[in-house]
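A look at the structure
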Amino acid sequence: MSQTCVEVRSEWSIVAARQAGRTIAKEVGFGSVDQARITTAISELARNIYLYAKVGEICIEKVVEANKVGVKVSASDNGPGIKDLRRVMEDGYTTSGGLGAGLPGVKRLMDEFLIDSKEGEGTKIHAVKWLR
Amino acid sequence: MKPSVAKLIETKREIISEDWLKKVEEVRREHHLENISDHVYTNTNKEFVEIILNAVGQGQESCDEQLSGFTERLIQLGWPLSYLTRGLQTFRKVILDTLFEDQEGKGDFEIYYEVESWVDEIVNTLVNEYSGSWENTVFLQKMALKELSAPLIPVFEHISVMPLIGTIDTERAKLIMENLLNGVIEHRSQVVLIDITGVPVVDTMVANHIIQASEAVRLVGADCILVGIRPEIAQTIVNLGIDLSKFPTKSTLKKGIASALEMTQKKIVKIEN
Amino acid sequence: MRIPILKLKEYLLVSVQIELDDQTALQFQEDILNKIHEEGSRGVVIDLTSVDFIDSFIAKVLGDVVDMSNLMGAKVVLTGIQPAVAITLVDMGILMHGVPTALDLEQGLEKLQQELEG
């Protein structure tokens, strides 16, 4: 299964990651609304890496399960990790002066959302959107 | 099937079939099939037992074909699947009892094993046919529901109405939202009236979908008015603590249109002769 | 990359035609405020017809532009937000309350006129 990975190091890689995401979402057959959802989710995840971990990776791939296809987005970094997972998933909680819609937003935009983070070790996030 | 067992069944064929037809009468009553005429009922049962017993002689494949044709007809007639599976259970009992009768314990296990896998095969075919037909029905109904989903109707310049009818689930809500927004852009609507007269229940989820839709409409640059709020809906909305205060609402489409006209600086005038 | 800002009488017109990266968005924020200051504009229409997605960062920059322009005495209307973009924003819980919107440039200009007159 083809997988596209983008190394996140600068603001430009955020653009690169979401463009890669849009391309794959289109290939899988998502409509314009879901394309926007996936692209936006990738943008949020990539920006989080850039803001908090400085360096990390976004991987986007097509996934096939029993009788459905979808797009899986994985974000991983070896940054500072998240201290209080419950709080970052609350709407409006921000440490960067943003809208605080990032992670809870990604969770709502995608169908599946898994986050694993250890303080001092880094953060891994998997999110999947299924084709309806 | 082993030739020895097949031969045995073949010799007892008449007894098995008669015994089964008698016993299956009990099942009939449980499944409310009394209103089917005796003639049709007996014939169908006879045909069924024929097909199953034919499998012994002709082999599974040709039986499968007959069986699926037969099942298709039963589905159309509306015979419940549970009747057929119960019927087959009875059949298995009848056939084992008959075969064991004069075997005096010889080869019991072999017979049991052969009959078991034979009947299982038939049950599988039946269940497959039935569930295939159900899946098909569900698919068709889904399509029908999709077609029912909410058209946006332009009524005046810059004013459109979206009547919602029936229960709104998440899937439908998404579709409605997309229709609504695309329609707003297509018709260049400034005001959209969402009419919920035909929505039987407004719970927190439905209300939430409607609120989200109206927020999205506002983002693309139009306004929403919620109309058709019946007394019982107003009661549930307030009892559930749903906040619709940010959201213009009217009791009827007529009143909604009046305020939509106002919002777009229009009015309807009577022509004086 | 810079987003061109056009002047039409006492209004400023902006049509965002490129994919907004963070730097461009921030540059745009600065440019538009300077332009309002230079021209003494009373209203701004930002057309987003060709923007196919807005994430929380860009939404915040746009919301900030509206608030900042208001402080400087210029009303801002966002126009042409695409359905897919609107749905995504609502999904994320970004409702941009207090930001006036209109369907397209034409209706946006009308809305500005109404707001400034009324």
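Residues numbered from 1 in each chain as written. Chains lettered and ligands numbered in written order. Predicted model: local features only at pLDDT ≥ 70, side-chain atom pairs only at ≥ 80, totals over all residues. Heavy atoms only, no water.

1. Let's talk about the interface of chain C and chain A
Put simply, the rule is: Two residues qualify as a contact provided that any one of their heavy atoms is within 4.5 Å of a heavy atom in the partner residue. Throughout, the accessible surface (probe 1.4 Å) given up by two parts as they are put together, summed over both, is called the buried area. By convention in these notes, a salt bridge is any Lys or Arg side-chain nitrogen within 4 Å of a carboxyl oxygen on Asp or Glu. For this analysis, a polar contact is any N or O atom pair within 3.5 Å, provided that within protein one partner can donate a hydrogen and the other can accept it, and provided that sequence-adjacent residues contribute only side-chain to side-chain pairs. Each helix is a run of DSSP H or I of at least 4 residues and each strand a run of E of at least 2, with the numbering of both proceeding from the N terminus. Three residue categories are used. Nonpolar comprises Ala, Val, Leu, Ile, Met, Phe, Trp, Tyr, Cys and Pro, charged comprises Asp, Glu, Lys and Arg, and polar comprises the others, including Gly.
Tallying the contact residues gives 20 residues for chain C and 24 residues for chain A. Between chain C and chain A lies a buried interface of about 1,900 Å² when both sides are counted; carbon and sulfur atoms form 55% of it. The partner of C:Asp55 in a salt bridge is A:Arg18, and the shortest N-O contact between them spans 3.9 Å. At the junction of chain C and chain A, the tally comes to 11 residue pairs in polar contact (both at pLDDT 80 or more). Put simply, the parts of the chain that give the side of chain C that touches chain A at least two residues each are helix 1 (22–39), helix 2 (56–71) and helix 3 (83–92) of chain C. The residue makeup of the side of chain C that touches chain A, split by class, is 9 nonpolar, 4 polar and 7 charged.

2. Quick notes on the side chain of A:Arg37
With respect to the secondary-structure elements, A:Arg37 resides in helix 2 (residues 32–53). Within polar-contact distance, the side chain of A:Arg37 engages the side chain of A:Asp34 at 2.7 Å. In contact with A:Arg37, not counting residues within four places along its chain, are A:Leu109, A:Lys129, A:Arg132, B:Lys174, C:Ile87, C:Thr88 and C:Asp91.

3. Observations concerning the sheet that holds strand 4 (residues 75–79) of chain C
Residues and elements named next belong to chain C. Rules: Each pair of strands is called paired provided DSSP finds at least two bridges between the two strands. In this analysis an axis means a line fitted to C-alpha atoms, helices contributing only their contacting stretch, and an angle means the value between N-to-C directions, from 0 to 180 degrees.
The sheet built from 5 strands is open, its strands ordered 1-2-3-4-5 with mixed pairing. Of all the strands in the sheet, the pair left with one neighbour each is strand 1 (5–8) and strand 5 (101–102). Of the pairings in the sheet, the one linking strand 4 to strand 5 comprises 2 bridges and is parallel in character. For threonine 79, the partnering residue across the bridge sits in strand 5 and is alanine 102. Each of strand 1, strand 2 (11–15) and strand 3 (43–47) touches helix 1; the most contacted strand, strand 2, lies at about 160° to it. Across the sheet, helix 2 lies against strand 3 and strand 4, angled at about 155° from strand 4, the strand it touches most.

4. Some details on helix 1 (residues 11–28) of chain A
Test applied: The span you would expect from a helix comes to 1.5 Å times its residue count less one. Only protein chains enter the accessibility calculation, which uses a 1.4 Å probe. A residue is then buried if its area is under 20% of the maximum for its type, exposed if over 50%, and partly exposed in between.
For helix 1 of chain A, built from 18 residues, the straight-helix expectation of 26 Å at 1.5 Å per residue is met to within 8% by its first-to-last C-alpha distance of 27 Å. Within helix 1 of chain A the residues assigned to the buried category are A:Glu11, A:Ser13, A:Ile14, A:Val15, A:Ala17, A:Arg18, A:Ala20, A:Gly21, A:Arg22, A:Ile24, A:Ala25 and A:Val28. Residues of helix 1 of chain A that are buried sit in contact with strand 1 (3–8), helix 2, strand 2 (56–65) and strand 3 (68–77) of chain A together with helix 1 of chain C.

5. Overview of the pattern of salt bridges
Tallying each qualifying case throughout the model produces 22 salt bridges over all chains. One salt bridge connects B:Arg13 with B:Glu10, and the closest N-O pair in it is separated by 3.4 Å. A salt bridge links B:Arg188 to C:Asp104, with the shortest nitrogen-to-oxygen separation between them at 2.0 Å. Placement of B:Arg188 in the loop between helix 7 (170–186) and strand 3 (191–198) and of C:Asp104 in the loop between strand 5 and helix 4 (105–117) is noted, with the two residues assigned to different chains. With relative accessibility at 28%, the residue B:Arg188 sits in the partly exposed group. One network of salt bridges, with partners in common, ties together A:Arg18, A:Arg47, C:Glu19, C:Asp22 and C:Asp55.

6. Thoughts on the UniProt feature "domain: STAS" (unreviewed entry) in chain C
To keep it simple, the criterion reads: UniProt positions are given in the numbering used here, feature names are shortened, and annotations may be inferred rather than shown by experiment.
What UniProt calls "domain: STAS" (unreviewed entry) maps, in this numbering, to residues 1–112 of chain C. Helix makes up 46% of residues 1–112 of chain C and strand 19%, with an end-to-end C-alpha separation of 28 Å.

7. Structural notes on the packing of aromatic side chains
The cut-off we apply is this: Two rings belonging to Phe, Tyr or Trp (six-membered ring only in the last case) form a pair when the distance between their centres is within 6.5 Å. Interplanar angles under 30 degrees mark stacking, angles over 60 mark edge-to-face geometry, and anything in between is tilted. Two conditions define a charge located above a ring, namely a distance within 6 Å from the ring centre to NZ of Lys or CZ of Arg, and an angle within 35 degrees of the ring normal.
Counted according to the given criterion, the structure contains 9 aromatic pairs over all chains. Measuring from centroid to centroid gives 6.2 Å for B:Trp20 and B:Phe91, while their planes differ by 85°, and the two rings are edge-to-face. Remark: B:Phe91 occurs in helix 5 (residues 81–101) and B:Trp20 occurs in helix 2 (residues 13–30); sequence separation between them is 71 residues. With relative accessibility at 0%, the residue B:Phe91 sits in the buried group. Taken together, the ring pairs connect B:Trp20, B:Phe48, B:Phe70, B:Phe91 and B:Trp118 into an aromatic cluster. We note A:Lys68 situated over the ring of A:Trp130; from NZ or CZ to the ring centre the distance is 4.4 Å.

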